[in-house]
Amino acid sequence: MSKICAITGKGPMVGNNVSHAKNRTKRRFLPNLRTVRVTLEDGTTRKIRVAASTLRTMRKQSRS
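What comes next concerns the included structure. (Residues numbered from 1 in each chain as written. Predicted model: local features only at pLDDT ≥ 70, side-chain atom pairs only at ≥ 80, totals over all residues. Heavy atoms only, no water.)

### Some thoughts on unusual backbone geometry
- For Lys22, which is not a glycine, the phi torsion comes out positive at approximately 65°.
- The residue Lys22 is located in the loop between strand S1 (13-18) and strand S2 (24-29) in this model.
- Among the residues examined, Lys22 registers a relative accessible area of 55% and is labelled exposed. (Helix = DSSP H or I, 4+ residues; strand = E, 2+ residues; numbered from the N terminus. Buried < 20%, exposed > 50% of the residue type's maximum accessible area, 1.4 Å probe, protein only.)

### What to know about the pairing of S1
- Relative to S2, S1 runs antiparallel, the two sharing 6 bridges. Counterpart to Asn16 in the pairing with S2 is Lys26.
- What sits between S1 and S2 in their antiparallel hairpin is a turn of 5 residues, with Lys22 showing a positive phi close to 65°. (Pairing = 2+ DSSP bridges.)

### Topic: the nonpolar core
- Core analysis: the largest hydrophobic core is formed by 6 residues, namely Cys5, Leu33, Ile48, Val50, Ala51 and Leu55.
- If you tally residues by element for this core, the top one is strand S4 (residues 45-51), at 3 residues.
- Not counting residues within four places of it along the chain, the set of residues in contact with Ala51 comprises Cys5, Asn32 and Leu33. (Core = buried A, V, L, I, M, F, W, Y, C linked by side-chain atoms within 4.5 Å. Contact = heavy atoms within 4.5 Å.)

### As for a positive patch on the surface
- There is a patch of like positive charges on the surface, built from Arg56, Arg59, Lys60 and Arg63.
- Note that Arg59 resides in helix H1 (residues 52-63). (Patch = residues over 30% accessible without salt bridge, like charges linked within 9 Å, V, L, I, M, F, W, Y side chains within 5 Å. Areas by Shrake-Rupley, 256 points an atom, 1.4 Å probe, with all protein chains shown as cover. Salt bridge = Lys/Arg side-chain N within 4 Å of Asp/Glu carboxyl O. Lys, Arg positive; Asp, Glu negative; His and termini not counted. Charge placed at Lys NZ, Arg CZ, Asp CG, Glu CD.)

### What about the pairing of strand S3 (residues 33-39)?
- With 7 bridges connecting them, S3 and S4 associate as antiparallel partners. Residue Val38 lies in a different strand from S4, and its bridge partner there is Arg46.
- Here S3 folds back onto S4 in antiparallel fashion, the turn holding 5 residues, of which Gly43 has a positive phi close to 95°.

### Let's talk about the environment of Thr25
- Looking at the element boundaries, Thr25 is found in strand S2.
- Beyond its immediate sequence surroundings of up to four residues, Thr25 is in contact with Gly15, Asn16 and Asn17.

Spelled out as structure tokens, the structure:
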């Protein structure tokens, strides 16, 4: 299963692990994905994988 947010398209980023001796090895920063049930326009429910930061933004927008 791909590690991509269904709404924003956020995916893994690449960077370096840096030790105290400044040795660098490659690492991946994965998005914090959550499985959420969403009700579509036609009334059906579907599970999608959404980043936690996206959920937070959606909740902020629904309040105002």
